Amino acid sequence: MKEVTDILKSYALAKSAGKKSALATVVKVEGSSYRQPGARMLVTDDGLLTGAISGGCLEGDALRKALLAINQKQNKLITYDTSNEDDVEFGVQLGCNGIVHILFEYINEEDANNPIELLKKLETVRKEAVILILFSLNRNAPQIGTQFLYREETDVLPNNFSILHSYLNQVVRTKTSIINTIIIENNAHEVLMEYIAPPVSLLIAGAGNDVQPLAKMADLLGWEVTLGDGRATHSKEKRFPNAKKVIVAKPQQLLESVVIDARTFAVLMTHNYKYDLEMLELLLKTDCSYIGVLGPKTKLDRMFDDLAQQGITLTDEQLGRIYGPVGLDIGGETSEEIALSIVAEIKAVMEGKNGTSLKFKKEKIHQAANVV
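Residues numbered from 1 in each chain as written. Predicted model: local features only at pLDDT ≥ 70, side-chain atom pairs only at ≥ 80, totals over all residues. Heavy atoms only, no water.

- As named in an unreviewed UniProt entry, the protein is XdhC/CoxI family protein, taken from Flavobacterium psychrolimnae.

Right under this line is the structure:
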C-alpha cells in the first residue's frame, strides 16, 4: 500500500500542475525478478518517477516507454528479458535470470475508471481487495489494462468477468495473487488478479523519546501509526509528525481509538508498568495478532503473575500473540536499533517468517503469482 499511496500523492500533484501521466505495472514474471507482479511506477510527462518496477535497471528504458504511451495516449506491453547477461539493450548486465512483462497505461483523466481512480478506492475502506489487470503477450493485441477493483462479497462483477468469481475469492482466501486467462471478444487475454491488503495499523502505547524512531520507521514503510500515553507533556503531534493519530489517553481510550483487525499490531512501551499491564489485558481480549512488550523477561513474567492473581489464565493462543522482550535479536541497544528490531519482528510475524538470514533460504526469496 505504501507504493500506491505515494503514487496517488504524486499523481494529485502532477494533475494540479497540468502534467500528463502513465502508470507502469509489472503484470507477469517468468523466473526471478527484483519486483513481483503488482509493482508500480508512475511516470509524468516531465520525467518524474514515483514507485519502482525493478532494482533500478529497467527504469531508464521504462521512462522512454512510458513517455511514448503518454504521447500516443494508448496502453503498451513491454517485455524485458533480464536473464541475458550480455544484453546490450540496457547497457548493463542485469543478471536477474527472469523475464519481466510490464504494462504501461496512459492515464486518461476523462475516464472515471482509469487506473488511478481505481487505486483511489483502496483508501476508502480498510478492507482487503483484488485488482484485475488485463494484458496480452501478443504485442499487436489491444492492451486492456486495469479494469476492476473487487472486494469479497461486496462487489458485483461485470458480465465479462463473472467467470473469474471463484478465482477472486481464492485470491482473498489465500492472500496470493493469481494469473489466469480470459476470453474477451474472441481474444485471449491474461488477467492478473492482484491481492492487496489494507495498510498495517501499528498501535503504540507510549510517547517517550524511544518511540520516535519506531514511529518514523513505521511511517517509512507506509504503516498507519496511532500512539498514546497518559502524559500530556509527551503525547504531542509535534513530537510525532509521522503518526496518523497522537492522543492523551488512558488504556481503554487508546484501544478504542483504533479498529483492531488482522493487520493491527501493538507495542507496549510506556515505561509505566500499570499502564502496560492494563493495555496487555485489554489487547488479549481482541484479535490483535501481535502484542510486543518492551522490557526484560522478568517484567513480562511479573505481568503474567499479576494477571493470574486477577484470575486471568492465559491460553496457549494468547501466549503465542505476546512477544516479549519485543524485537528480533540483532544486538540492538539504542532507540533506533531497538526500533529496527521491532519493525523487523512485526514484518516477520506478518509474513509468517522466522526472521532468519536469507543466506540460509533454499527456495526463491519472493513468492510469485500463481498461474492457473
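Picking up where we left off.
Concerning helix α5 (residues 211-220)
Piece 1. All buried positions along α5 are accounted for by V211, P213, L214, A215 and A218.
Piece 2. In this structure, the buried side of α5 is in contact with β10 (201-205), β11 (224-229) and α10 (335-351).
Piece 3. Looking at the residues trailing α5, positive phi occurs at G222, about 85°. (Buried < 20%, exposed > 50% of the residue type's maximum accessible area, 1.4 Å probe, protein only. Helix = DSSP H or I, 4+ residues; strand = E, 2+ residues; numbered from the N terminus. Contact = heavy atoms within 4.5 Å.)

Focus on the domain arrangement of the protein
Piece 1. Under the domain assignment used here, the protein contains domain 1 (2-196) and domain 2 (201-351).
Piece 2. Taking the mean C-alpha position of each, domain 1 and domain 2 sit 36 Å from one another. (Domains from an automatic or database assignment.)

Topic: the confidence of the model for the protein
Piece 1. A residue-level look at the protein finds 92% of positions with pLDDT of 70 or above and a mean pLDDT of 88.
Piece 2. No element of the protein has a lower mean pLDDT than strand β16 (residues 370-371), at 66, and none a higher one than strand β14 (residues 290-293), at 98.
Piece 3. When the criterion is pLDDT under 50, residues 90-95 qualifies, and its contacts beyond four places in sequence or with other chains add up to 11 contacts. (pLDDT = per-residue confidence, 0-100.)

Re the packing of helix α7 (residues 273-283) against helix α8 (residues 297-309)
Each pair of packed helices can be summarised by the angle the axes make with each other and by the distance between the axes.
Piece 1. The contact between α7 and α8 brings their axes to 11 Å, and the two run at 65°. The interaxial crossing formed by α7 with α8 has right-handed handedness. Contact residues: Y273, D276, L277, L280 and E281 in α7; K299, R302, M303, D306 and L307 in α8.
Piece 2. Taken together, the residues of the contact of α7 with α8 sort by class into five nonpolar, no polar and five charged. (Axes fitted to C-alpha atoms, helices over the stretch in contact; angles between N-to-C directions. Left-handed = near helix turned anticlockwise from the far one by under 90°. Nonpolar A, V, L, I, M, F, W, Y, C, P; charged D, E, K, R; others polar.)

Quick word on the pairing of β14
Piece 1. Covered by surrounding structure in β14 are Y290 and G292 together with I291 and V293, the residues of both alternating faces.
Piece 2. Of the strand pairs in this sheet, β14 and strand β15 (residues 322-323) are connected by two bridges, and their pairing is parallel. Of the residues in β15, the one forming a bridge with I291 is I322. (Pairing = 2+ DSSP bridges.)

Structural notes on the UniProt feature "domain: XdhC- CoxI" (unreviewed entry) in the protein
Piece 1. The feature "domain: XdhC- CoxI" (unreviewed entry), as given by UniProt, occupies residues 16-81 in the numbering adopted here.
Piece 2. Across residues 16-81, helical content stands at 23% and strand content at 38%; the span's end C-alpha atoms are separated by 37 Å. (UniProt positions renumbered as here; feature names shortened; annotations may be inferred.)

Things to note about the pattern of salt bridges
Piece 1. Throughout the structure, instances matching the rule amount to 17 salt bridges.
Piece 2. A salt bridge links R126 to E224, with the shortest nitrogen-to-oxygen separation between them at 3.8 Å. Of the two residues, R126 sits in the loop between α3 (115-120) and β6 (129-135) while E224 sits in strand β11, which places them 98 residues apart along the sequence.
Piece 3. By relative accessible area, E224 is classed as partly exposed at 26%.
Piece 4. With a closest N to O distance of 2.8 Å, E317 and R321 form a salt bridge.
Piece 5. Several salt bridges converge on common partners, so that one network encompasses R126, E224, K244 and D261. (Salt bridge = Lys/Arg side-chain N within 4 Å of Asp/Glu carboxyl O.)

Considerations on the packing of aromatic side chains
Piece 1. In total, this model carries two aromatic pairs according to the counting rule given.
Piece 2. Here Y290 and Y323 contribute two aromatic rings whose centre-to-centre distance is 4.7 Å and whose plane-to-plane angle is 20°, an arrangement assigned as stacked. Remark: Y323 occurs in strand β15 and Y290 occurs in strand β14; sequence separation between them is 33 residues.
Piece 3. The exposure class of Y290 is buried, given its relative accessible area of 0%.
Piece 4. Exposure remark for Y323: the relative accessible area of 22% places this residue in the partly exposed category.
Piece 5. An aromatic cluster is defined as three or more aromatic residues linked by ring pairs; in this entry it consists of F265, Y290 and Y323.
Piece 6. When the ring centre of Y273 is taken as origin, the NZ or CZ atom of R302, which lies over that ring, is 3.7 Å away. (Phe/Tyr/Trp six-rings, centres within 6.5 Å; stacked < 30°, edge-to-face > 60°. Lys NZ or Arg CZ within 6 Å of the ring centre and 35° of its normal.)

Description of the pairing of strand β5 (residues 98-106)
Piece 1. Counted residue by residue, β5 has eight buried out of nine residues, so it is predominantly covered.
Piece 2. Note: strand β1 (residues 21-31) against β5, nine bridges, orientation antiparallel. If you follow V29 over to β5, its bridge partner there is V100.
Piece 3. Note: strand β4 (residues 76-81) against β5, six bridges, orientation antiparallel.

Observations regarding the sheet that holds strand β3 (residues 49-51)
Piece 1. In spatial order, the strands read β3-β2-β1-β5-β4; together these five strands make up an open sheet with antiparallel pairing. Because the sheet does not close on itself, it has two edges, and the strands there are β3 and β4. When the angles between neighbouring strand axes are averaged without regard to direction, this sheet yields 25°.
Piece 2. The strands that helix α1 (residues 2-16) touches are β1, β2 (40-44) and β3; relative to β2, the one it contacts most, it runs at about 10°.

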